[in-house]
Amino acid sequence: MNKLNFHAMTIALSLTAMPTLAGTTIRMQVEGLVCAFCGSAIEKKLRSHAATTDVLVSLEHKVVALSLKDGQDISDDTLRTQITDAGYQVKKIERVPDTLDSLRATLKGR
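All of these numbers come straight from a predicted model, not from anything done at the bench.

## Topic: the pattern of salt bridges
At step 1: What the rule picks out here adds up to eight salt bridges.
At step 2: Note that Lys62 and Glu31 form a salt bridge whose closest N and O atoms lie 4.0 Å from each other. You can see Lys62 sitting in the loop between strand E2 (52-58) and strand E3 (63-68) and its partner Glu31 sitting in strand E1 (residues 25-31), a full 31 residues away along the chain.
At step 3: Relative accessible area serves as the criterion here: at 32%, Lys62 is assigned to the partly exposed category.
At step 4: Taking the relative accessible area as the measure of exposure, Glu31 reaches 29% and is therefore partly exposed.
At step 5: Linked through salt bridges whose partners overlap, the residues forming this network are Glu43, Arg47, Asp54, Asp101 and Arg104.

## A short note on the pairing of E2
At step 1: When E2 meets E3, the two strands line up antiparallel, connected through six bridges. Considered in E3, the bridge of Thr52 is made with Leu68.
At step 2: The antiparallel hairpin formed by E2 and E3 contains four residues in its connecting segment, where Lys62 sits at a positive phi of about 55°.

Parameters at a glance
- Residues numbered from 1 in each chain as written.
- Predicted model: local features only at pLDDT ≥ 70, side-chain atom pairs only at ≥ 80, totals over all residues.
- Heavy atoms only, no water.
- Salt bridge = Lys/Arg side-chain N within 4 Å of Asp/Glu carboxyl O.
- Helix = DSSP H or I, 4+ residues; strand = E, 2+ residues; numbered from the N terminus.
- Buried < 20%, exposed > 50% of the residue type's maximum accessible area, 1.4 Å probe, protein only.
- Pairing = 2+ DSSP bridges.

Structure follows, in structure tokens:
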């Protein structure tokens, strides 16, 4: 194998191993969610981001999640600030491989 083919294969393999933001779901544990109004306020705020495709708010499980457009992201600092400024406390932010639909199903099944 010549050097050019070897380097091309090395680059291709490294790119497939890189994490991608496609289909990313951000899941947050949020304290202070007690009523439908709370959920609506947070949902409206998160839907205002151009990167957001859908939002889930579970009062029962104190979970707020959003799905992102392919290749886009919203920083943890931005999310934390917006939710904190709305009067709620963010306990945890994580990016998960689950879709929002599968997360909905999981939360309903608990």
